[in-house]
Amino acid sequence: MEAQNTQPKKQRIFSAIQPTGVFTLGNYIGAVRNWDTLQEEYECIYAIADLHAITVMQEPAELRKNTMQAFALMLACGMDPKRSITFVQSQNPHHAELSWVLSCSTMFGELSRMTQFKDKSQRHADNINAGLFTYPVLMAADILAYNADLVPIGADQKQHLELARNIAQRFNQRFGETFTVPDGYFPKQGARLMSLQDPTKKMSKSDENANGCVYILDDKDTILRKFKRAVTDSDTEVCYKEGKDGINNLMTIYGAVTGKTMDEITAEFAGKGYGDFKIAVGEAVADHLEPVRSEFARLIADKAYLTECMTNGAQQAYHLTSKLIRKVYRRVGFIDRL
Ligand code: TYM
């Protein structure tokens, strides 16, 4: 008799990040750090979402450079091409193909409700292109093409994930069970890191004030400076409370990089001022990111290795999505593809 494989099948994870510059501390704590730890238990697939990046104006040479950089950063943050599939989205053409099919199962009204579309159309009023509008369909295609069970993301992508679930359910209802309906996976702390300069706004690369956003390749002095200037309040006590947005955000960051609870942090800084606390947060973040910075420096100098990893990753990704794409094409009524 043949030996039975009794290993339970691992659940599958998919996530992606846009190559629009160095990752922010928000990207890192909200998503990418989770990607790393999930590699232990799950079958993970991680992409650099360059197709998404062209929904806003990009200089082609710059985009190519940023994509290479983002790929290196993803590896520097712990993604291991031997354990997980790491690739660049445009190198697997199935994403764009599936996106078209899914767009015919997505309603105009649904896309019109996406808050990120509304925000981005305000910020890029001179370039409200159709891609910006249909972007969440492409994101659904990314996830559904792999039949992912879980999607580790920050809170700002929750609405897009909900839409992906609705699209999957609608397609399944109409054409029969085809897609896994994915769940979001959010960090316990830091699903939405806020700007250090305006803690009511999300930390983002598009922050007008450069001190509001920490980048994971910032050097220690820069990180310390940004935290020292972080906006807080007129109170003096380091404690997590409604209305203390700046301190709450700093405590979240400190907790995320040290593993300490809010109570532990409050106890640690009892009787000390905000100044000491801000320095401690800056130090902890800089120390935490130091290995990422040095690993990035090593990897970015080795273009041959990066290209090899990308090519392997794209081949694995393509292989993985081929069967499902065939199934989808057959279900919607296309003649078998070559
Ligand atoms: P992107 O590139 O804007 O951000 C990458 C990840 O970082 C998270 N994030 C944050 N988390 C906490 N606090 C913040 N201030 C913060 N800013 C960003 C985001 O939630 C995200 O998880 N559309 C996606 C990329 C994408 C994708 C996908 C994600 C394309 N296809 C499929 C998941 C599955 C995006 O633009 O993320």
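On a predicted model such as this, the values are computed, not experimentally measured, just so you know.

**Concerning the overall build of the chain**
Across its full length, the chain holds 13 helices and 5 strands. Here the chain has a C-alpha radius of gyration of 21 Å; the compact-globule value for 338 residues is 20 Å, and the two agree. Viewed in the frame of its principal axes, the chain has a C-alpha envelope of about 70 × 50 × 40 Å. Looking at the chain as a whole, 50% of its 338 residues qualify as buried. Contacts in the chain between residues at least 24 apart in sequence constitute 75% of all its contacts with a sequence separation of at least 6. Working note: accessible area of the chain is about 16,600 Å², and carbon and sulfur atoms make up 51% of it. Within the chain, one finds 40 positive and 41 negative side-chain charges whose respective centroids are separated by 4 Å.

**Re the environment of alanine 47**
Checked against the element boundaries, alanine 47 lands in strand 2 (residues 43-48). Take alanine 47: its relative accessible area is 1%, and that puts it in the buried class. In sequence terms alanine 47 and alanine 317 are 270 residues apart; their C-alpha atoms lie 9.5 Å from each other. Those residues within four positions of alanine 47 in sequence are excluded, and the remaining contacts are Phe14, Ser15, Ala16, Ile17, Trp35 and Phe87.

**A look at the side chain of lysine 278**
Assignment of secondary structure puts lysine 278 in helix 12 (residues 274-300). The side chain of lysine 278 is buried and forms no salt bridge, while aspartate 233, the nearest opposite charge, is found at 9.4 Å. Engagement of the side chain of lysine 278 in a polar contact is seen with the backbone oxygen of lysine 228, the distance being 3.3 Å. Setting aside residues up to four positions removed in sequence, lysine 278 forms contacts with Phe227, Lys228, Arg229, Ala230, Thr232 and Leu250.

**Structural notes on the side chain of glutamine 69**
Tracing the sequence through the fold places glutamine 69 in helix 3 (residues 60-76). Using a relative accessible area of 16% as the deciding quantity, one classes glutamine 69 as buried. Beyond its immediate stretch of four places on either side in the chain, glutamine 69 contacts Gly21, Val22, Phe296 and Ile300.

**Structural notes on the domain arrangement of the chain**
Frequently, the measure chosen for interface size is the accessible area removed from exposure when the parts meet. Here the chain is described as being made up of domain 1 (12-190 + 303-332) and domain 2 (210-297). The straight-line distance from the C-alpha centre of domain 1 to that of domain 2 is 30 Å. In this assembly, 14 residues from domain 1 lie in contact with 19 residues from domain 2. Summed over both partners, the interface of domain 1 with domain 2 comes to about 1,400 Å²; 76% of that surface belongs to carbon and sulfur atoms. If you look at where domain 1 meets domain 2, you find 0 salt bridges. There are 5 residue pairs in polar contact (both at pLDDT 80 or more) connecting domain 1 and domain 2. Among the secondary structure elements, those contributing two or more residues to the side of domain 1 that touches domain 2 are helix 1 (25-38) and helix 3. Of the residues that constitute the side of domain 1 that touches domain 2, the class distribution is 9 nonpolar, 4 polar and 1 charged.

**Side note on the nonpolar core**
One broad rule of soluble globular proteins: the nonpolar side chains tend to lie buried together. Membership of the largest hydrophobic core comes to 62 residues, with the highest contact counts inside it found for Leu25, Phe71, Ile216, Phe227, Ile253, Phe277 and Val285. Counting residues per element, this core draws most heavily on helix 12, which supplies 11 residues. Counting contributing residues per domain, this core is built from domain 1 (12-190 + 303-332) and domain 2 (210-297), each supplying no fewer than three. Look past the residues within four positions of leucine 25 in its chain and what remains in contact with it is Gly30, Leu193, Met203, Val214, Ile216, Phe227, Ile253, Val285 and Leu289.

**Observations regarding helix 3**
The first and last C-alpha atoms of helix 3 sit 24 Å apart over 17 residues, in line with the 24 Å expected at 1.5 Å per residue. Burial in helix 3 covers these residues: Leu63, Asn66, Thr67, Met68, Gln69, Ala70, Phe71, Ala72, Leu73, Met74, Leu75 and Ala76. Looking at the packing, one finds that the buried side of helix 3 touches helix 1, strand 2, helix 2 (50-53), strand 3 (85-88), helix 12 and helix 13 (303-332). Just beyond helix 3, the residue with positive phi is glycine 78, at close to 115 degrees.

**Brief notes about the site of the ligand**
Near the ligand there are 26 residues, and of these Gln18, Tyr135, Asp142, Asp156 and Leu193 occur at the shortest range. Aspartate 142 places a side-chain nitrogen or oxygen 2.6 Å from a nitrogen atom of the ligand. Measuring from a nitrogen atom of the ligand, one finds a backbone N or O atom of methionine 203 at 3.0 Å. Burial of the ligand by the surrounding chains reaches 95%, relative to a free accessible area of 700 Å². Going through the elements one at a time, strand 1 (12-17), helix 1 and helix 7 (130-144) are the ones with two or more residues in the shell around the ligand.

**Points about the environment of glutamate 237**
Tracing the backbone shows glutamate 237 in the loop between helix 9 (220-228) and helix 10 (245-258). For glutamate 237 and glycine 273, which are 36 residues apart along the polypeptide, the C-alpha to C-alpha distance reads 7.1 Å. Excluding its chain neighbours within four sequence positions, the residues that come into contact with glutamate 237 are Lys244 and Tyr274.

Cut-offs applied
Residues numbered from 1 in each chain as written. Predicted model: local features only at pLDDT ≥ 70, side-chain atom pairs only at ≥ 80, totals over all residues. Heavy atoms only, no water. Helix = DSSP H or I, 4+ residues; strand = E, 2+ residues; numbered from the N terminus. Rg over C-alpha atoms; globule rule 2.2 N^0.38 Å. Buried < 20%, exposed > 50% of the residue type's maximum accessible area, 1.4 Å probe, protein only. Contact = heavy atoms within 4.5 Å. Areas by Shrake-Rupley, 256 points an atom, 1.4 Å probe, with all protein chains shown as cover. Lys, Arg positive; Asp, Glu negative; His and termini not counted. Charge placed at Lys NZ, Arg CZ, Asp CG, Glu CD. Salt bridge = Lys/Arg side-chain N within 4 Å of Asp/Glu carboxyl O. Polar contact = N/O pair within 3.5 Å; in protein donor to acceptor, adjacent residues only side chain to side chain. Domains from an automatic or database assignment. Buried area = accessible area lost by both parts, 1.4 Å probe. Nonpolar A, V, L, I, M, F, W, Y, C, P; charged D, E, K, R; others polar. Core = buried A, V, L, I, M, F, W, Y, C linked by side-chain atoms within 4.5 Å. Expected span 1.5 Å × (residues − 1). Near = heavy atom within 4 Å.

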